[in-house]
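The primary structure of each chain is shown beneath.
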Amino acid sequence: DLEGNYIGDDGIKYIAKLLESNNTLHTLYLSNNCIGDEGVGCIAKSLILNNGLHTLDLKINCFGNKGVGYIAKSLESNNTLHKLNLGSNNINAGFI
C-alpha cells in the first residue's frame, strides 16, 4: 500500500518499471500520490507487459482525460486487471 506518499510522476516511473517484470504483485494502491498524465502513461505501459496485477487503485491523483486514454489503450492488451479505481481525478464526464 503506497497510498498518500506523494510519489508524483518522477517516482512512479520507477514503480512502473518494476511492474513490467513483476507478475507476483496482485494489488497496488497508489491513491493520493500526485500522479499526473505522464506518470499514468508510465503505469499504462507497464500494464501491457504485466500479467499478474489484479487490482490497481489510482484514485485521488492529478491526471485527466489524457491519462485515462493511456490506461484504456493498455487494457486492450491486459487480461488480468479486474479492478481499477480512477475516482476523484480530473476526468471530464463527457470523455467517458
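See the structure shown above.
A quick note: this is a predicted structure, and the numbers were derived from the prediction, not measured. (Residues numbered from 1 in each chain as written. Predicted model: local features only at pLDDT ≥ 70, side-chain atom pairs only at ≥ 80, totals over all residues. Heavy atoms only, no water.)

Asks: Looking at this structure, I do not really get the packing of helix α1 (residues 8-21) against helix α2 (residues 37-49). What am I missing?
Replies: A pair of packed helices is captured by two measures, namely the crossing angle of their axes and the spacing between those axes. Taken N-terminus to C-terminus, the directions of α1 and α2 make an angle of 0°; their axes are 8 Å apart at the nearest point. Classified by the angle their axes make, α1 and α2 are roughly parallel. The segment α1 lies against α2, with D9, I12, K13, A16, L19 and E20 engaging E38, G39, C42, I43, S46 and L49. Residue composition of the contact of α1 with α2, by class: 6 nonpolar, 2 polar and 4 charged. (Axes fitted to C-alpha atoms, helices over the stretch in contact; angles between N-to-C directions. Helix = DSSP H or I, 4+ residues; strand = E, 2+ residues; numbered from the N terminus. Parallel < 35°, antiparallel > 145°, perpendicular 65-115°, else oblique. Contact = heavy atoms within 4.5 Å. Nonpolar A, V, L, I, M, F, W, Y, C, P; charged D, E, K, R; others polar.)

Asks: What's the story with the nonpolar core in this structure? I'm lost.
Replies: Within the largest apolar cluster, 19 residues are counted, with the highest numbers of intra-cluster contacts made by L28, L30, I43, L47, L56, L58 and I71. Ignoring any residue separated from it by four or fewer positions in sequence, one finds L30 in contact with L2, I7, I12, I15, I35, I43, L56, D57, L58 and N61. (Core = buried A, V, L, I, M, F, W, Y, C linked by side-chain atoms within 4.5 Å. Buried < 20%, exposed > 50% of the residue type's maximum accessible area, 1.4 Å probe, protein only.)

Asks: Explain the sheet that holds strand β2 (residues 55-57) here, please?
Replies: The pairing of strands in a sheet happens through backbone hydrogen bonds and is either parallel or antiparallel. In space, the 3 strands of this open sheet follow the order β1-β2-β3, with parallel pairing throughout. Where the open sheet ends on each side, the last strands, each with one partner, are β1 (27-29) and β3 (83-85). Ignoring strand direction, the axes of neighbouring strands in this sheet form an average angle of 0°. Across 3 bridges, the pairing between β2 and β3 is parallel. Opposite L56, over in β3, you have L84 as the bridge partner. (Pairing = 2+ DSSP bridges.)

Asks: I'm lost on the pattern of salt bridges in this one. Help?
Replies: Summed over the entire model, instances satisfying the criterion amount to 5 salt bridges. With a shortest N-O distance of 3.9 Å, D10 and K13 are connected by a salt bridge. Of this pair, D10 and K13 both sit in helix α1, separated by 3 residues, roughly a single helical turn. A residue is classified by how much of its surface remains accessible, and D10, at 57% relative accessible area, is exposed. Judged by its relative accessible area of 33%, K13 falls in the partly exposed class. A salt bridge links D57 to K59, with the nearest nitrogen and oxygen atoms 2.8 Å apart. Where salt bridges share partners, they join D10, K13 and E38 into one cluster. (Salt bridge = Lys/Arg side-chain N within 4 Å of Asp/Glu carboxyl O.)

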